[in-house]
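# Breakdown of the fold
Now for the letters of each chain:
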Amino acid sequence: MPTPEAASAEPHRDCPICPRLVAYREANRAAHPDWFNGPAPSFGDPEARLLVAGLAPGRTGANRTGRPFTGDFAGVLLYETLIKSGFAEGRYEARPDDGLRLVDCMITNAVRCAPPGNKPESSEEANCRPFLTARLAALPRLKVIVTLGDVARRNVLRAMGLKASAGIAGHGSEFAAGAYVVINSYHCSRLNTNTGRLTPAMFEAVFQRARELLDGPSA
Ligand code: URA
């Protein structure tokens, strides 16, 4: 049965749905009462035409600071790339009060609570999906979705009532899904960037393509 929260785009701080994630949150609250320790709310422009979908908050990153990708290693490349491509303004200083502003862009996660080992279980992805569905529905101007990694790609498609196989896997793949165009990217995780699987140039190209889809080719 859907929970009363299911129609909301953001779970409340004490979302009770996933027992394993609740236990992890409680353990983190006990060990670090000064951390955020809750579902990291989506961040950005409610009129955004671009949505960036990540996997889940890192324990010492978004789970600590309360802003997606903020304090996570992955956030450095993500926010720098968003600034370069005009989807963010200001300076990223890895804290939620750094004044950084997203422009025509919002960032969310497929799973809103930090999972142990950064790995959500498929039941947790399914539990959290109604929030993603509601997040998409609450963005009236949304046109392009950048999915960071395959978990995000699959969950975005399923959140739209589509099969995961409706979209092409792999870095740089692009496909229509409902009213949106989805561009899939490798996740900007430390593992992917340190191994050279994802370079800053590859990542920038994804957001340049998003820019082109939104505003047309640059002169
Ligand atoms: N990685 C993600 O996918 N999301 C975050 O919020 C942080 C790191």
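On a predicted model such as this, the values are computed, not experimentally measured, just so you know.

## Digging into the packing of helix H3 (residues 73–84) against helix H7 (residues 200–215)
Two numbers describe how H3 lies on H7: the axes approach to 10 Å, and their chain directions differ by 50 degrees. As the angle between them shows, H3 and H7 are arranged oblique. Here the hand of the crossing between H3 and H7 comes out right-handed. Here H3 contributes Leu-77, Leu-78, Thr-81, Leu-82 and Lys-84 to the contact with H7, which in turn contributes Pro-200, Phe-203, Glu-204 and Phe-207. Classifying every residue of the contact of H3 with H7 gives six nonpolar, one polar and two charged.

## Considering H7
For H7, spanning 16 residues, the distance from its first C-alpha to its last is 22 Å, which sits close to the expected 22 Å at 1.5 Å a residue. Within H7, burial applies to Phe-203, Val-206, Phe-207, Ala-210 and Leu-214. Axial view of H7: buried residues confined to an arc of 85 degrees, hence all on one face. If you follow the buried residues of H7, they end up packed against strand S2 (50–54), H3, strand S6 (144–148) and strand S8 (180–185). Gly-216 sits one or two positions beyond H7 and adopts a positive phi of about 85 degrees.

## Digging into the environment of Glu-174
Following the sequence through the fold, Glu-174 ends up in strand S7 (residues 174–177). The sequence separation of Glu-174 and Val-206 amounts to 32 residues, and the corresponding C-alpha distance is 9.7 Å. When residues no more than four places from it in sequence are discounted, the contact partners of Glu-174 are Ile-168, Val-181, Val-182, Ile-183, Arg-209 and Leu-213. A polar atom in the side chain of Glu-174 sits 2.7 Å from the side chain of Arg-209.

## Points about unusual backbone geometry
Backbone geometry at Ala-94 places phi at a positive 60 degrees, although glycine is not the residue there. Relative to the elements of secondary structure, Ala-94 occurs in the loop between strand S3 (88–89) and strand S4 (101–102). On the basis of relative accessible area, Ala-94 is assigned to the partly exposed category, the value being 31%. Not every positive phi belongs to a glycine, and Asn-118 is a case in point at roughly 60 degrees. Along the polypeptide, Asn-118 turns up in the loop between strand S5 (105–109) and helix H4 (122–137). For Asn-118, a relative accessible area of 45% corresponds to the partly exposed category.

## Some remarks on the nonpolar core
Core analysis: the biggest nonpolar cluster contains 27 residues, and Leu-50, Leu-78, Tyr-79, Leu-82, Leu-102, Cys-188 and Phe-207 have the highest contact counts within it. If you list the elements that add at least two residues to this core, you get S2, H3, S5, S6 and H7. If sequence neighbours within four positions are ignored, Phe-207 has contacts with Leu-50, Val-52, Leu-78, Thr-81, Leu-82, Ser-85, Phe-87 and Val-146. If you look at the next biggest cluster of nonpolar residues, it comprises 17 residues, including Leu-51, Leu-139, Leu-142 and Val-182.

## Digging into the confidence of the model for the protein
Per-chain confidence: the protein averages 96 in pLDDT, with 96% of residues scoring 70 or above. Under a pLDDT of 50 for its full length, residues 1–5 has, in the predicted model, seven contacts with residues more than four places off or in other chains.

## Some points on the side chain of Ser-173
Along the chain, the position of Ser-173 falls in the loop between helix H5 (150–159) and S7. Its relative accessible area of 9% is what places Ser-173 among the buried residues. A polar side-chain atom of Ser-173 sits 2.5 Å from the main-chain carbonyl oxygen of Ile-168. Here the side chain of Ser-173 touches Gly-170 through a polar contact of 3.3 Å, landing on its backbone oxygen. When residues no more than four places from it in sequence are discounted, the contact partners of Ser-173 are Ile-168, Val-182, Ile-183 and Asn-184.

## Quick word on the pattern of salt bridges
This model, assessed by the stated rule, comprises 20 salt bridges. In this structure, Arg-112 and Glu-10 form a salt bridge, with 2.8 Å as the shortest nitrogen-oxygen distance. Taken together, the residues Arg-112 in the loop between S5 and H4 and Glu-10 in the segment before helix H1 (19–31) connect sequence positions 102 residues apart. With relative accessibility at 1%, the residue Arg-112 sits in the buried group. A salt bridge links Arg-95 to Glu-93, with the nearest nitrogen and oxygen atoms 2.4 Å apart. For Glu-93, a relative accessible area of 31% translates into the label partly exposed. Ionic contacts of the salt-bridge type, sharing partners, join the residues Arg-49, Asp-104, Arg-211 and Asp-215 into one network.

Conventions adopted
Residues numbered from 1 in each chain as written. Predicted model: local features only at pLDDT ≥ 70, side-chain atom pairs only at ≥ 80, totals over all residues. Heavy atoms only, no water. Axes fitted to C-alpha atoms, helices over the stretch in contact; angles between N-to-C directions. Helix = DSSP H or I, 4+ residues; strand = E, 2+ residues; numbered from the N terminus. Parallel < 35°, antiparallel > 145°, perpendicular 65-115°, else oblique. Left-handed = near helix turned anticlockwise from the far one by under 90°. Contact = heavy atoms within 4.5 Å. Nonpolar A, V, L, I, M, F, W, Y, C, P; charged D, E, K, R; others polar. Expected span 1.5 Å × (residues − 1). Buried < 20%, exposed > 50% of the residue type's maximum accessible area, 1.4 Å probe, protein only. Arc of directions from axis to C-beta. Polar contact = N/O pair within 3.5 Å; in protein donor to acceptor, adjacent residues only side chain to side chain. Core = buried A, V, L, I, M, F, W, Y, C linked by side-chain atoms within 4.5 Å. pLDDT = per-residue confidence, 0-100. Salt bridge = Lys/Arg side-chain N within 4 Å of Asp/Glu carboxyl O.

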